[in-house]
Amino acid sequence: MKEEIVIAGFGGQGVLSMGKILAYAGLMDNLEVSWMPSYGPEQRGGTANVTVILSDSRISSPVLDSYDTAVILNQQSLDKFESRVKPGGTLIYDPYGIHHAPTRTDIKVIPVEAMEATFEMKNAKTYNMILLGALLAARPVVSLDAVVRGLRKTLPERHHHLIPLNEEALRKGMALAK
Amino acid sequence: MEEVKLMKGNEAIAHAAIRYGCDGYFGYPITPQSEVLETLAELMPWETTGMVVLQAESEVAAINMVYGGAATGKAVMTSSSSPGISLKQEGISYLAASELPALILNCMRGGPGLGTIQPSQSDYFQATKGGGHGDYHLIVLAPATVQEMADFVALGFDLAFKYRTPSMILADGIVGQMMEKVVLPPQRPRRTEEEVRRQCPWAACGKGSRKHRNVVTSLELDSAKMEVNNLRFQETYRRIEENEVRFEEYYTDDCEYLMVAFGSMARICLKAIEEAREKGVRIGLIRPITLWPFPTKRIAELAAKTKGVLVVELNAGQMIEDVRLAISAPSPSVHHFGRMGGIVPNPGEIIEAFYSHYPEAKI
Amino acid sequence: MDFKDIIRPENKVYARPRLLTENITHYCPGCSHGVVHRIVAELLDEMGLEDRTIGIAPVGCAVFAYNYIDVDWIEAAHGRAPALATAASRLNPDCLVFTYQGDGDLAAIGTAETIHACNRGENIVIIFINNAIYGMTGGQMAPTTLLGMKTATTPYGRRVDLNGYPLAISPILASLDGTCYVTRQAVHTPGAVRKAKVAIRKAFTNALEKRGTSVVEIVSTCNSGWKLSPADSNKWMEKHMFEKYPLGDLKNV
């Protein structure tokens, strides 16, 4: 098993932390993991992306030309990464703010109304967890349980009371992707 | 059981330094390596091992703090990124000339000048050919994984103390910024004052019970004596070249072509090679782990049985000079592929570059 | 009367301090360095600090201080002595760490290291020899060179429009929260030597008691660089140097 994932959007949308939680989930499931961010000023408002690789064997390159799965949070990222999803791969995107929807037919395209869902949940900060939930449903490379354990590992203890809310968001995303 | 952790390469450096029993870290913020100082500040080792952690007023001050600390026999280190490493060259030259052990991390970014904060390997010349003024070398270790970032702290310090010469971990922004699994070494106690005095009888740490004074200096105005000093440094470098060459090979048993790459580029090459091998193109890879001393002999052996060599670097062609020096005639053709300014090529680009030089290899 | 009739133990009123080595110094006759070295060597012996002192030598005339005072020394790069001292002191808290620096080293190339070490309140002593000239490199202008003063790089005299003003750095250091003691002394008369010794003793005590940074500026002569006799240098210093760099404590807390 090897899953090569890119998550891309605006800085501030939780792109890097979503990747981090996914990577920690991989760690919980005893997988090999690599998390390679775009770093620097891009984190503040520009586009941000992170490559996460989960594998049951040694990971060579942390830098990739194509991906099994892309999670796309804005138009620029869709323009950049749609062509780089491997044939037969998966593209998850939030239609919110997308003017030109994906056109490829050789991949599985899954729109997830994550922004809408945050309105329902009345909490904008659940955004990236909803999308992560969608990813888990579409590509169950790690378990929901591993993600929650990963959250416990990455969140400082003072934020542990937020874990149930995040779990709810994850489940919501899973439902949206099905 | 050892605990597997997930962290950035820069964070691993900080954890490994504490666990090595490092006595002091002196740094100055610069992207993409600031996590080293930030992590140390968060871990507060002065409360546990007694390690000193100090944010200096400049890179120049930081390396000179390293010089002052190393001169007293302590295990001290600094970290920076390319422009900051240029500023540190004064102190590094003094460390080498005074035969002091110390550890320096360069988490390279694209230059020249202020350049970019994105990954690069364009400080290869600076690191392996000395860097500052005078005839000297650093032991240069090039990590490709977060695990190696952690492991090379101990290796770098051990070699530095063994040969009384500074070592450098020459990483790039990718290895510094990426997160991977890492197993940290067990916590070692810092050396006691007695142990420091025993290990470093040359240290200027107060005479104590010593009868004579110790003087740590790089100054010798008598040219005849200064040449003797230089000959001694060179003798040390020859011993290092004999004993400390380290490298890793992949698919070299049957390779018809060879790639040479270090650090994170070696990993990107490896993926390119594995994809090409699926199609039957037999490429091998050698990854120098020590960039100085350079695996000259092994590269010559491997090159002798291949049809062509591609050196892949995040620069305009630096290590290729050492590869060319290693390979004697009759030699296969040696080409370079690199990207600059913080652009990191992906595996596809590398294999395309390979085929452009060796179209006959394409199946 | 033969000299052997004079040099007899019962006539001894002064001897080489035990910690001043027998190496012949490279200092010019009449130079202030020799006197300050002697004071430092005497104090380290009197205060019982021989075994736990680390001196940091500068680049400049005092670069070979390590040949003359019999304690452990580290020779710094130009201007970096306070950075070395910072680490040496923090990593060896039981030691007395002092730097010995000239005006070019401390107040030009090493200004940043000096100010920040003082501002952090490192428990070190900075002995600052201010003779208003670069002695070792052959008498070039220093940051502390007075207006009108002729040097190798101001052959017609220092001019404000070309070279800026002489830098009085001790008041700046006295204004920093990290310093506990900043004083200006001289060693041109027996009385001044005694006062300078009291000042350096106080500075050493401050460092041992972890009270912060102490700076002892010694307003000095450079008769070779000034191109005056030692006696005339002292007179010139009293007349001109003391005007710009008046003696006394600038801070004592």
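Since this is a predicted model, take the numbers as computed values, not measurements.

Enquirer: Any details on the sheet that holds strand E3 (residues 52–55) of chain B? Residues and values, ideally.
Expert: All names here are of chain B. Taken in spatial order, the seven strands line up as E3-E2-E4-E5-E7-E6-E13 in an open sheet, and their pairing is mixed. Edge positions in the sheet fall to E3 and strand E13 (290–292), since each has one partner strand and no second. For this sheet the average axis-to-axis angle between neighbouring strands, irrespective of direction, equals 20 degrees. Strand direction decides the pairing type here: strand E6 (residues 139–141) and strand E7 (residues 167–172), joined by three bridges, are parallel. When the bridges of E7 are listed, Ile-139 appears paired with Ser-167. Across the sheet, helix H3 (residues 59–71) is in contact with strand E2 (24–27), E3 and strand E4 (76–80); its angle to E4 comes to roughly 165 degrees. Contacts between helix H4 (residues 82–97) and the sheet are confined to E4 and strand E5 (103–108), with E5 contributing the most and set at about 155 degrees to the helix.

Enquirer: Now, about the packing of H3 of chain B against H4 of chain B: what can you tell me, with residues and values included?
Expert: All names here are of chain B. It is the contact of H3 with H4, at a shortest axis distance of 8 Å, that shows an interaxial angle of 25 degrees. Here H3 is positioned roughly parallel relative to H4, judged by the angle of their axes. In this structure, H3 meets H4 at a crossing whose hand is right-handed. Where H3 approaches H4, its residues Glu-59, Val-60, Ile-63, Asn-64, Val-66, Tyr-67 and Ala-70 are matched on the opposing element by Gly-84, Leu-87, Lys-88, Glu-90, Gly-91, Ile-92, Tyr-94 and Leu-95. Class assignment for the residues of the contact of H3 with H4 results in nine nonpolar, three polar and three charged.

Enquirer: Please give an account of the environment of Ala-25 of chain A that cites residues and values.
Expert: Residues and elements named next belong to chain A. Along the polypeptide, Ala-25 turns up in helix H1 (residues 15–28). Residue Ala-25 is classed as buried on the basis of its C-beta count, with 28 C-beta atoms lying within 10 Å. Along the sequence, Ala-25 and Val-141 sit 116 residues apart, while their C-alpha atoms lie 9.6 Å from each other.

Enquirer: I'd like a rundown of the confidence of the model for chain C, residues and numbers included.
Expert: Confidence in the prediction for chain C averages 96 pLDDT; 100% of positions are at 70 or higher. In the predicted complex, the global pTM is 0.95; the interface-specific ipTM is 0.94.

Enquirer: Before we move on, could you go through the sheet that holds strand E12 (residues 283–288) of chain B and cite the residues and values that matter?
Expert: Residue and element names in this part refer to chain B. Strands sit in the order E10-E12-E11-E14-E15 across an open sheet of five strands; the sheet is mixed. One side of each edge strand has no neighbouring strand; the edge strands of this open sheet are strand E10 (247–250) and strand E15 (333–338). The average undirected angle you get between the axes of adjacent strands in this sheet is 20 degrees. Here E10 runs beside E12; their pairing, made up of four bridges, is antiparallel. Counted as the bridge partner of Glu-248 is Arg-287 from E12.

Enquirer: Hey, could you go over the interface of chain A and chain B for me, with residue numbers and the actual values?
Expert: Facing 17 residues of chain A, the contacting portion of chain B comprises 21 residues. Residue assignment for the side of chain A that touches chain B shows that the elements contributing at least two residues are H1 and strand E2 (32–37) of chain A. The leading source of residues in the side of chain A that touches chain B is E2 of chain A, at six residues. Split into classes, the residues belonging to the side of chain A that touches chain B amount to 11 nonpolar, four polar and two charged. Relative to strand E8 (residues 179–183) of chain B, E2 of chain A is paired through two bridges, and the arrangement is antiparallel. Within E8 of chain B, the residue paired with Trp-35 of chain A across the bridge is Met-179 of chain B.

Enquirer: Go over the pairing of strand E7 (residues 179–186) of chain C, please, and point to the residues and values.
Expert: All names here are of chain C. Taken across its eight residues, E7 has eight buried, putting it largely inside the fold. Pairing geometry for E7 and strand E8 (residues 213–219), over seven bridges, is parallel. Looking across to E8, one finds that Val-182 is bridged to Val-215. On the question of chirality, the crossover connecting E7 to the parallel E8 by way of helix H8 (residues 190–208) is right-handed.

Enquirer: Could you give an account of the nonpolar core, with specific residues and numbers?
Expert: Counting 262 residues, the largest nonpolar core has Ile-92, Leu-131 and Ala-134 of chain A, Val-66 and Cys-269 of chain B together with Leu-84 of chain C as its most contacted members. Sequence-distant contacts of Leu-131 of chain A, that is, excluding residues within four places in its chain, are made with Met-18, Val-71, Ile-92, Asp-94, Val-112, Ala-114 and Gly-173 of chain A.

Definitions and cut-offs
- Counting from 1, residues in each chain are numbered in the order their sequence is written.
- A letter from A marks each chain and a number from 1 marks each ligand, given out in the order of writing.
- Given that the model is predicted, a residue must reach a pLDDT of at least 70 before its local features are reported, and side-chain atom pairs must reach 80 or more before they are shown or counted; all residues, however, enter totals for whole chains, interfaces and linings.
- In this analysis, strands are considered paired if DSSP registers two or more bridges between them.
- Comment: elements are numbered from the N terminus, with helices defined as DSSP H or I runs of at least four residues and strands as E runs of at least two.
- An axis is simply a line fitted to the C-alpha atoms; with a helix, the fit covers only the stretch in contact. Between two such axes, the angle follows the N-to-C directions and lies from 0 to 180 degrees.
- Distance between backbone-placed C-beta atoms decides contact: two residues are in contact if it is within 7 Å.
- An angle counts as roughly parallel when it lies under 35 degrees, as roughly antiparallel when it exceeds 145, as roughly perpendicular when it falls between 65 and 115, and as oblique in every other case.
- Should the near helix be turned counterclockwise from the far one by less than a right angle, the crossing is left-handed, whereas a clockwise turn marks it as right-handed.
- Residue type decides the class: Asp, Glu, Lys and Arg count as charged, Ala, Val, Leu, Ile, Met, Phe, Trp, Tyr, Cys and Pro as nonpolar, and the leftover types, Gly among them, as polar.
- Labels follow a simple rule on C-beta atoms placed from the backbone: if 20 or more others lie within 10 Å of a residue's own, it is buried; if 12 or fewer, it is exposed; otherwise it is partly exposed.
- The predictor's confidence in any single residue is recorded as pLDDT, a number from 0 to 100.
- Look down the strands so they point away from you; if the path from the first strand over the helix to the second goes clockwise, the crossover is right-handed.
- Think of a nonpolar core as buried Ala, Val, Leu, Ile, Met, Phe, Trp, Tyr and Cys residues chained together by C-beta atoms that fall within 7 Å.

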